[in-house]
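A closer look at the structure
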Amino acid sequence: MPDLSFETRIGGIIAGVDEVGRGPLAGPVLAAAVILPATLPPGLAALIDDSKKLSAPRRAAALTALRASGALIGLGAASVREIETLNILHASLLAMRRAIAALPQPPTHLLVDGNRAPGGGIPCTTIIGGDAISLSIAAASIAAKITRDRLMARLDARHPGYGWAKNAGYAAPIHREAILRLGPTAHHRMGFGPLLSNV
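Quick look at the structure, then.

Reading guide: rules and limits
Residues numbered from 1 in each chain as written. Predicted model: local features only at pLDDT ≥ 70, side-chain atom pairs only at ≥ 80, totals over all residues. Heavy atoms only, no water. Phe/Tyr/Trp six-rings, centres within 6.5 Å; stacked < 30°, edge-to-face > 60°. Buried < 20%, exposed > 50% of the residue type's maximum accessible area, 1.4 Å probe, protein only. Lys NZ or Arg CZ within 6 Å of the ring centre and 35° of its normal. Helix = DSSP H or I, 4+ residues; strand = E, 2+ residues; numbered from the N terminus. Expected span 1.5 Å × (residues − 1). Arc of directions from axis to C-beta. Contact = heavy atoms within 4.5 Å. Core = buried A, V, L, I, M, F, W, Y, C linked by side-chain atoms within 4.5 Å.

Some details on the packing of aromatic side chains
Going through the model one piece at a time under the given rule, you end up with one aromatic pair. A ring pair is formed by Tyr 162 and Trp 164, whose centres lie 5.2 Å apart and whose planes are at 20 degrees; its orientation type is stacked. Just as Tyr 162 is buried, Trp 164 falls in that class too. The ring of Phe 6 carries Arg 9 above its face, with NZ or CZ at 4.8 Å from the centroid.

Following this line, the structure appears as structure tokens:
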């Protein structure tokens, strides 16, 4: 379970940062930055874990509790066009910088999931597998996943047939089949490797 050991050791105003959506065939990459409240409400830490380990209802409950606690949340995205222009790594780092800039209060230190700092001049500690180790990174992973999943559900309503409300743009069988049957949309990452190699 993630805890506050990194945050406590570093001190100051810590923002956990994570992104979601590096691997899908469609949709933006989305990042979140979270500054936890100085005093965690009882039970909040127990709700938070790596978003991939949580059910959708548990993620939603955790995000609701985070917002109620006074946690500061910044969100940032990089578009499909930016992914194609920059490549997925640099687009992910751009989304992280945007999420950090969207925080209502500037952090003094970043804890970032992975092995690449987003840049921008704020001191940073990168942690591979950080969403399973750091509570603030895990909180960011939840905020990022919920936000992107909701975005893909809205896009699914505008582009039915690809199953984005359920597969979030990843290469699920229904999505691969729909690309062949319906063709790609403007939200597909045409420059993201050979898109149709997944079908």
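Right, picking up where we left off after that structure.
Here we look at helix H3 (residues 56–69)
Taking 1.5 Å per residue, 14 residues should reach 20 Å; H3 reaches 20 Å between its end C-alpha atoms and fits that length. Buried residues of H3: Arg 59, Ala 62, Leu 63, Leu 66 and Ser 69, and no others. In an axial view of H3, the angular spread of the buried residues amounts to 125 degrees, which keeps them on one side of the axis. In this structure, H3 carries Pro 57, Thr 64 and Ala 68 as exposed residues pointing more than 90 degrees from its buried face. Packing partners of the buried residues in H3 comprise helix H2 (44–47), strand E3 (72–78) and helix H6 (135–158). Once H3 finishes, Gly 70 follows within two positions and takes phi at roughly 90 degrees, a positive value.

Regarding the nonpolar core
Among the nonpolar cores identified, the biggest contains 21 residues, and Val 34, Leu 36, Ile 48, Leu 63, Leu 66, Ala 139 and Ile 142 are the most heavily contacted of them. Of all the elements in the fold, those that place two or more residues in this core are strand E2 (29–35), H3 and H6. Broken down by element, this core gets its largest block of residues, eight residues, from H6. In this structure Leu 63 touches Ile 73, Ile 142, Ala 143 and Ile 146, once residues within four positions along its chain are discounted. Grouped together as the second largest cluster of nonpolar side chains are 19 residues, Ala 78, Ala 91, Leu 93 and Ala 99 included.

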